[in-house]
Structures are given as C-alpha cells and as structure tokens.
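Observations on the three-dimensional arrangement
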Amino acid sequence: APARRMSPSIRTLLLSIVAAFVVGLLYVASANLLSAWDTMRSARIMQLNAEIGDLLLSSAGSLASERGVTNTALSAEIATDPATITRIAGLRRSGDEALASALERLVDGADFAGRDALIQRVRQNYDALVALRRDIDRQLPLSADARDAGVVAQWVPAATALIMSSQDLRIAAQNVPA
C-alpha cells in the first residue's frame, strides 16, 4: 500500500480557513457586544443622573420661588391675601414632591462619596423648614406690626439652607461613568 501523504487536502485547508474566519467573526461580534453593553450602561447612568438632577433643580426652583413670595408677603404691611397663600402652598407642594422623589431615587441608587451625610443634611434642613413653615403660616394672616420678627427673620436663612444643601447633593450625586 502506498504511503499517504501527510499534507492537508484542499478540503481540510478550506475548512480550516472558514473555521478561523468564523472564530474571528465571533471575537469581533463579542467585542462589539461588550462595547455596546458598556455604552448602554453609561447612557442609563447618565439618564438617571439627568432625572435626579432635574428633580433637585425643580425642587430648588420651587423653594426659591416660595422663599421669595413668602418673604415678600412677610415684608408687606398688610395681612397676606388668600391668592398669595394659595400660590405659596402650590410652590411648597411642587418643591416637596420633587425633593421627595429625588431623595427616594438617591437612596435606592448608586453609592457616591458622602451620599448618606449629604442626604441626612438635606433631610435635616427640610425638617427644619417644615417646622418653620407652620410658624410662618401663623404669621401670614397677621399685619406687619403683629408678626413675630424672630420667626420672620428665620425664614430666608432656613429656606436658603435647604436650597444650598439640595444643590450640594445634586452636584455630588452626578455619577459620571468612566
């Protein structure tokens, strides 16, 4: 019997080339899949950042408006009219809802440097403002000479403290994917 040659046949050579091509395609497809997955993850993180940032900015805007309208009402000589009190209540509602939603998302979300301390500071400032709002609500229907100047003097600093702490939280919470 004649000795078989050990050289690869054309068929074996073609199958080897096709197999190498398929393996290469699988590698490139896997690399592209991983890259797309990472891009999607980064986009989702940025979307969440934007949503939380929007909520905190919306809350700060409502708080700033409430601070201004309330301070103007407290500075007036006459008792605050019902339309202004209704406007203040609406600003409070929108600001409080946005802040509560942002805090809920932050507590359930990713960890970042100083998260718990910043959230605690915002909550403390919020609780202080809510307590002061009750006192302010008792001052609004009074004329300027009957208002408690001590309570009135606390209003702007307390509202500003909450606005600033919420914005410190917003800046710290911006998780930029690497």
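Refer to the structure presented above.
Report on the accompanying structure. (Residues numbered from 1 in each chain as written. Predicted model: local features only at pLDDT ≥ 70, side-chain atom pairs only at ≥ 80, totals over all residues. Heavy atoms only, no water.)

On to the overall build of the protein chain, then. The secondary structure content of the protein chain amounts to four helices and zero strands. In the protein chain, the succession of helices and strands from N to C terminus is α-α-α-α. Against the globule reference of 16 Å for 178 residues, the protein chain gives a C-alpha radius of gyration of 31 Å, more extended than a compact globule. Overall, the protein chain is about 125 × 30 × 15 Å in size when its C-alpha atoms are taken along their principal axes. In the protein chain, which comprises 178 residues, the proportion classed as buried is 30%. (Helix = DSSP H or I, 4+ residues; strand = E, 2+ residues; numbered from the N terminus. Rg over C-alpha atoms; globule rule 2.2 N^0.38 Å. Buried < 20%, exposed > 50% of the residue type's maximum accessible area, 1.4 Å probe, protein only.)

It is worth spelling out the pattern of salt bridges at this point. Counted by the stated rule, this structure contains nine salt bridges. One salt bridge in this structure joins Asp116 and Arg115, with 3.4 Å as the shortest N-O distance. With relative accessibility at 54%, the residue Asp116 sits in the exposed group. Residue Arg115 is classed as buried on the basis of its relative accessible area, which comes to 14%. (Salt bridge = Lys/Arg side-chain N within 4 Å of Asp/Glu carboxyl O.)

Our focus in this paragraph is the nonpolar core. Leu106, Leu129, Ile136, Trp155 and Leu169 are the most contacted members of the largest nonpolar core, which totals 32 residues. Elements with a minimum of two residues in this core: α1 (10-75), α2 (82-108), α3 (115-139) and α4 (149-172). (Core = buried A, V, L, I, M, F, W, Y, C linked by side-chain atoms within 4.5 Å.)

What follows is about the environment of Ala73. Looking at the element boundaries, Ala73 is found in helix α1. Owing to a relative accessible area of 8%, Ala73 belongs among the buried residues under this scheme. Along the primary structure Ala73 and Leu140 are separated by 67 residues, whereas in three dimensions their C-alpha atoms are 7.0 Å apart. Dropping the residues within four chain positions of it, Ala73 is found in contact with Thr80, Thr84, Leu140 and Arg147. (Contact = heavy atoms within 4.5 Å.)

Our next topic: the packing of α1 against α2. Two elements in contact, α1 and α2, have axes whose closest approach is 8 Å; the angle formed by their N-to-C orientations is 155 degrees. Taken together, the axis directions place α1 and α2 in an arrangement best described as roughly antiparallel. Here the hand of the crossing between α1 and α2 comes out left-handed. Residues belonging to the contact of α1 with α2 are distributed by class as follows: 11 nonpolar, nine polar and five charged. (Axes fitted to C-alpha atoms, helices over the stretch in contact; angles between N-to-C directions. Parallel < 35°, antiparallel > 145°, perpendicular 65-115°, else oblique. Left-handed = near helix turned anticlockwise from the far one by under 90°. Nonpolar A, V, L, I, M, F, W, Y, C, P; charged D, E, K, R; others polar.)

Put simply, α2 and α3 touch, their axes get as near as 12 Å, and they point 160 degrees apart. Accordingly, the angle class assigned to the pair α2 and α3 is roughly antiparallel. Between α2 and α3 lies a crossing whose hand is left-handed. Seen from α2, the contacting residues are Arg92, Asp96, Leu99, Leu103, Leu106 and Val107; seen from α3, they are Arg115, Ile119, Val122, Arg123, Tyr126, Arg133, Ile136 and Asp137. Tallied by class, the residues present in the contact of α2 with α3 amount to eight nonpolar, no polar and six charged.

We now examine a nonpolar patch on the surface. A cluster of nonpolar residues, Val18, Phe21, Val22, Leu25 and Leu26, forms a patch on the protein surface that exposes about 490 Å² of accessible area. Along the chain, Val18 turns up in helix α1. (Patch = residues over 30% accessible without salt bridge, like charges linked within 9 Å, V, L, I, M, F, W, Y side chains within 5 Å. Areas by Shrake-Rupley, 256 points an atom, 1.4 Å probe, with all protein chains shown as cover.)

Moving on: the side chain of Arg147. Topologically, Arg147 is positioned in the loop between α3 and α4. Lacking a salt bridge, the buried Arg147 has Glu77 as its closest oppositely charged neighbour, with an N-O distance of 7.3 Å. Only 3.0 Å separates the side chain of Arg147 from the backbone oxygen of Ile78, close enough to count as a polar contact. At 3.1 Å, the side chain of Arg147 forms a polar contact with the backbone oxygen of Gln139. Not counting residues within four places of it along the chain, the set of residues in contact with Arg147 comprises Ala73, Leu74, Ser75, Ala76, Ile78, Ala79, Thr80, Gln139, Leu140, Leu142 and Val152. (Lys, Arg positive; Asp, Glu negative; His and termini not counted. Polar contact = N/O pair within 3.5 Å; in protein donor to acceptor, adjacent residues only side chain to side chain.)

Everything listed here is a matter of geometry and, on its own, says nothing about what the molecule does.
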